[in-house]
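# Breakdown of the fold
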Protein chains: 4
Amino acid sequence: MADGGDTKAATVPQRLLAEATRLFADRGFDRTSVQEIVEAAGVTKGALYHYFGSKDDLLHEVYARVLRLQTERLEEIASGTGTVTERLHRAAADVVVTSIENLDDTKIFFRSMHQLSPEKQKAVRAERRRYHERFRALVEEGQREGTFRAELRPDLVVDYFFGSVHHLGTWYREGGPLSATQVATEFADLLLYSVRRP
Amino acid sequence: MADGGDTKAATVPQRLLAEATRLFADRGFDRTSVQEIVEAAGVTKGALYHYFGSKDDLLHEVYARVLRLQTERLEEIASGTGTVTERLHRAAADVVVTSIENLDDTKIFFRSMHQLSPEKQKAVRAERRRYHERFRALVEEGQREGTFRAELRPDLVVDYFFGSVHHLGTWYREGGPLSATQVATEFADLLLYSVRRP
Amino acid sequence: MADGGDTKAATVPQRLLAEATRLFADRGFDRTSVQEIVEAAGVTKGALYHYFGSKDDLLHEVYARVLRLQTERLEEIASGTGTVTERLHRAAADVVVTSIENLDDTKIFFRSMHQLSPEKQKAVRAERRRYHERFRALVEEGQREGTFRAELRPDLVVDYFFGSVHHLGTWYREGGPLSATQVATEFADLLLYSVRRP
Amino acid sequence: MADGGDTKAATVPQRLLAEATRLFADRGFDRTSVQEIVEAAGVTKGALYHYFGSKDDLLHEVYARVLRLQTERLEEIASGTGTVTERLHRAAADVVVTSIENLDDTKIFFRSMHQLSPEKQKAVRAERRRYHERFRALVEEGQREGTFRAELRPDLVVDYFFGSVHHLGTWYREGGPLSATQVATEFADLLLYSVRRP
DNA sequence: CATGAATGAGCGTTCATTCAT
DNA sequence: AATGAATGAACGCTCATTCAT
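Just so you know, these numbers come straight off a predicted model, no measurement behind them.

Cut-offs used in this document
- Residues numbered from 1 in each chain as written.
- Chains lettered and ligands numbered in written order.
- Predicted model: local features only at pLDDT ≥ 70, side-chain atom pairs only at ≥ 80, totals over all residues.
- Helix = DSSP H or I, 4+ residues; strand = E, 2+ residues; numbered from the N terminus.
- Buried ≥ 20, exposed ≤ 12 C-beta atoms within 10 Å, placed from the backbone.
- Contact = placed C-beta atoms within 7 Å.
- Nonpolar A, V, L, I, M, F, W, Y, C, P; charged D, E, K, R; others polar.
- Near = placed C-beta within 6 Å.
- Core = buried A, V, L, I, M, F, W, Y, C linked by C-beta atoms within 7 Å.
- UniProt positions renumbered as here; feature names shortened; annotations may be inferred.
- Least-squares fit on C-alpha atoms with pLDDT ≥ 70 in both.
- Domains from an automatic or database assignment.
- Expected span 1.5 Å × (residues − 1).
- Axes fitted to C-alpha atoms, helices over the stretch in contact; angles between N-to-C directions.
- Parallel < 35°, antiparallel > 145°, perpendicular 65-115°, else oblique.
- Left-handed = near helix turned anticlockwise from the far one by under 90°.
- pLDDT = per-residue confidence, 0-100.

## Some points on the overall build of chain A
In terms of helices and strands, chain A carries 10 helices and 0 strands. A principal-axis box enclosing the C-alpha atoms of chain A has dimensions of 60 × 35 × 30 Å. Considering chain A as a whole, with its 198 residues, one finds that 36% of them fall into the buried category. In chain A, the share of contacts with a sequence separation of at least 24, taken over all contacts with a separation of at least 6, comes to 71%.

In structure tokens, the structure reads:
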């Protein structure tokens, strides 16, 4: 009963979620069959439907998990210590690092969102919006205190930056020439250079 | 029979391509059936398969068209007159405008690329790489002449910027508060601010 | 915990049978899942399979209960006092009233019979036949004593009348313009008019 | 190309409808799989769905056909020559004969109606109601002219009689002791005896 | 050029039942 | 007495593609 192994010890729903994440990232939601997921997890379809209401639910769980994680981290950094420049830089770098560390989730996020059912899409978007708003608040804070350029549209800056972040999945390769931290630092630098009053 | 009208005059393959683009952007490649495409175009399946080898071919054509267009425009701007700052700004703003003007193609591009067959994906990526290289050359040119910051990794700058561009499809809405030109100017400004030596 | 209430006090198998009856009548046997039954009864699947061997068994119990009831009542009436005319009228009216009072059972009876396993179907049909025979005996008694028309085929009369009775479930609505007794009287009248020597 | 055979010559949709009718009557709608139907008809599932939108559609077609047939016949008889007694007798006997001749349809009708989708059920019921109304009009005509007993509720008489007719499928066996005409005559006699002023 | 009937493999999902606890 | 995780087979349906006409 002791947690000795790694995959063997995981519960059935955990294994299903892990394999689904991997497969959705690999070939996309529509191209992944329920059969493939259960085979990868070593169970039968019935088991999957015992824990998840639908294939859609599985994808929704992936989203919920990553959104929860990122929201927590941003909240901690944004409300932490340091100048607004330091905090924005830290938040930007952090979302890059965690996006790279969970590259499968990142890939799924922007590729498969529109394959969710309309209601679930709405729920995810709402959560996402809250996350963006917290980030935008940092930009606005910097504008109010005169550190960031006042003529910028903060919402546009956020969309600009997160476009770059979401696209990491299309070009970043583990084992490539760049470490996660290197990319994170460069991206955060690029962001700060573009918003700071020169 | 003479080419007098507008929609009526479009040839069958043109109409098929137009409807396919619209539908792929709307619901994604996998969620669009061949039946829906031919119904929208007012022809039968046989006609589609007469002009296109497969559903995949249709998607490939969408990509080929937009890549051709963007490459032409970039080439013209990059090799045009003006300082490197002016040319990079112009190129960046232009790709934003054309991405917004062809928002359907933009949506398809980043959502459905991985649904192409491996060989076609490879071909599209190669073409895309050439496009990015031309853009990167502009950054390098600015670095060589001392206008842009030397410590930047030019390839990373390009990925950073095009991430933002590709994501326009997820948030930009026609009829919203921002015109294509406004977004283009802001995006190009953000880019230039982040690469220019302060 | 004392048997004070009404629904709360019912035993688990009683509650299961009651909910199954309601659901089978509502949506049919095949359209009712075991899951729905146990949820309605507030127990789990294991409990159902503890008391009933199969879903089929549950349906069989419904039949057994209603057949037992009707046989008892017919027996009492047929062997009671009064002329054969009075007894046939009373029996006919009574089966209409009890069919309406147990409309769910009536609906199930003619809709779901063929969904029982072959052996159980045979058992139910045999029981049903005995019931019909007792009814038919009343008709024959009337023919022998010259009250009912001799040229009638008694078995056909029985099938004719019970067709009408079994179909009550398709059109009778509680709260409609007709009370159970009104329908019972009219149906019994129609039967007697058609069998009595004019 | 000449219509030489019997089953071979029938078109694919005709064969599908014929086999579906037989199977639905045999084992009920829910117990008949689409796979069984297409195997019996010697085609594949794709072919079935080329001609029919759903399994439900197939059942609806069965209903539509039999309702059309019966309505035509009733209309012809009811508006024909003869006294109201003769016409009601003729109509009653005719519906029995055609119900026996199309016993499969009769079985399906009362067993599987509630397995149709709600909208289609509504459509069938509406058509059925029109049929009943035409029949009821005959009873009312007889009451107005004083031939039938005035105290009868005509709608109840119709439900009474058609209950018997619909139940033919549960007990009538081809090759049994009774011909269709014999049953028809007896049923019509029973009806007329019960409605005529003695 | 174009049709549309037909294929065949695969899809997501349901469900009665079993069994270790 | 009762749980609920898990099975495994079947279900209705979709779809890109082919091919005789």
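## Description of the interface of chain A and chain B
Between chain A and chain B, the residue contacts involve 22 residues of the former and 22 residues of the latter. At the level of secondary structure, the elements contributing two or more residues to the side of chain A that touches chain B comprise helix H8 (154-166) and helix H10 (180-195) of chain A. Looking at the side of chain A that touches chain B residue by residue, the class counts come to 8 nonpolar, 8 polar and 6 charged.

## Re the protein's contact with DNA strand E
Around DNA strand E, a shell composed of 32 residues is seen, among which Ser-33 of chain A, Thr-44 and Gly-46 of chain B, Val-34 of chain C together with Gly-46 of chain D lie nearest. Elements represented by at least two residues in the surface near DNA strand E include exactly helix H2 (34-41), helix H3 (45-51) and helix H4 (55-78) of chain A, helix H3 (45-51) of chain B, helix H2 (34-41), helix H3 (45-51) and helix H4 (55-78) of chain C together with helix H3 (45-51) of chain D. Here the residues of the surface near DNA strand E sort into 10 nonpolar, 14 polar and 8 charged.

## Quick look at the nonpolar core
In this structure, Ala-92, Val-96 and Phe-187 of chain C together with Ala-92, Val-96 and Phe-187 of chain D are the most contacted members of the largest nonpolar core, which totals 58 residues. Look past the residues within four positions of Phe-187 of chain D in its chain and what remains in contact with it is Tyr-160 of chain C together with Ala-92, Val-96 and Ser-164 of chain D.

## Focus on the UniProt feature "DNA-binding region" (unreviewed entry) in chain A
UniProt tags residues 33-52 of chain A as "DNA-binding region" (unreviewed entry). Regarding residues 33-52 of chain A, the helix share stands at 75% and the strand share at 0%, and the terminal C-alpha atoms are separated by 15 Å.

## Here's the deal with the relation of the copies chain C and chain D
At an RMSD of 0.1 Å, chain C and chain D line up after a rotation of 180 degrees and a shift of 0.1 Å along the axis. Taken together, these values place the two copies in the relation of a two-fold axis.

## Quick notes on the domain arrangement of chain A
Size of an interface: often given as the accessible area lost when the parts come together. All names here are of chain A. Taken domain by domain, chain A consists of domain 1 (10-53) and domain 2 (55-195). Computed from C-alpha coordinates alone, the two centres of domain 1 and domain 2 are separated by 27 Å. Every contact between the two is made by 12 residues of domain 1 and, on the other side, 13 residues of domain 2. Considering every element that reaches the side of domain 1 that touches domain 2, the biggest residue donor is helix H1 (residues 12-27), with 6 residues.

## Describing helix H7 (residues 118-144) of chain D
Residues and elements named next belong to chain D. With 27 residues, H7 extends 37 Å between its outermost C-alpha atoms, agreeing within 8% with the 39 Å of an ideal straight helix rising 1.5 Å per residue. Buried residues of H7: Phe-135, Leu-138, Val-139 and Gly-142, and no others. Summarising the contacts, the buried residues of H7 are in contact with helix H4 (55-78), helix H5 (84-101), helix H8 (154-166) and helix H10 (180-195). Directly after H7, the chain includes Gly-146, whose backbone phi takes a positive value near 85 degrees.

## Section: the interface of chain C and chain D
Across the boundary between the two partners, chain C contributes 22 residues, which contact 22 residues of chain D. Of all the elements in the fold, those that place two or more residues in the side of chain C that touches chain D are helix H8 (154-166) and helix H10 (180-195) of chain C. In terms of residue class, the side of chain C that touches chain D is built from 8 nonpolar, 8 polar and 6 charged.

## Describing the protein's contact with DNA strand F
Of all residues adjacent to DNA strand F, which total 32 residues, the nearest are Gly-46 of chain A, Val-34 of chain B, Thr-44 and Gly-46 of chain C together with Ser-33 of chain D. If you list the elements that add at least two residues to the surface near DNA strand F, you get H3 of chain A, helix H2 (34-41), H3 and helix H4 (55-78) of chain B, H3 of chain C together with helix H2 (34-41), H3 and H4 of chain D. The residue makeup of the surface near DNA strand F, split by class, is 10 nonpolar, 14 polar and 8 charged.

## Brief notes about the relation of the copies chain A and chain B
For the pair chain A and chain B, the best superposition has an RMSD of 0.1 Å and corresponds to a rotation of 180 degrees with a translation of 0.0 Å parallel to the axis. Counting the interface residues of chain A, we find that 100% of their copies in chain B are interface residues as well, pointing to one common contact surface.

## Describing the arrangement of the chains
Nothing in chain B touches chain C; the tightest C-alpha to C-alpha distance between them is still 30 Å. Contact between chain A and chain D is absent, and the minimum C-alpha spacing across the pair is 21 Å.

## Quick look at the environment of Pro-177 of chain D
Locating Pro-177 of chain D in the fold gives a position in the loop between helix H9 (168-171) and H10. In this structure, the C-alpha to C-alpha distance between Pro-177 of chain D and Leu-152 of chain D, residues 25 residues apart in sequence, is 33 Å.

## A word on the packing of H4 of chain C against helix H6 (residues 103-112) of chain C
All names here are of chain C. Packing of H4 against H6 brings their axes to within 10 Å, and their N-to-C directions diverge by 120 degrees. Considering their axes alone, H4 and H6 lie oblique with respect to each other. Considering how the two elements wind past one another, H4 and H6 form a crossing that is left-handed. Facing H4, whose interface residues are Leu-59, Val-62, Tyr-63 and Val-66, H6 presents Asp-105, Ile-108, Phe-109 and Ser-112.

## As for the confidence of the model for chain A
On average, residues of chain A carry a pLDDT of 91, and 95% of them reach 70 or more. A low-confidence stretch, residues 1-8 of chain A (pLDDT under 50), is modelled with 3 contacts involving residues beyond four sequence positions or located in other chains.

## Let's talk about the packing of H4 of chain D against H7 of chain D
Residue and element names in this part refer to chain D. Two elements in contact, H4 and H7, have axes whose closest approach is 10 Å; the angle formed by their N-to-C orientations is 15 degrees. The orientation of H4 relative to H7 falls into the category roughly parallel. When you trace H4 past H7, the crossing you get is left-handed. Contacts between H4 and H7 involve Asp-56, His-60, Tyr-63, Leu-67, Gln-70, Thr-71, Leu-74, Glu-75 and Ala-78 from the former and Lys-120, Val-124, Glu-127, Arg-128, Tyr-131, Arg-134, Phe-135 and Leu-138 from the latter.

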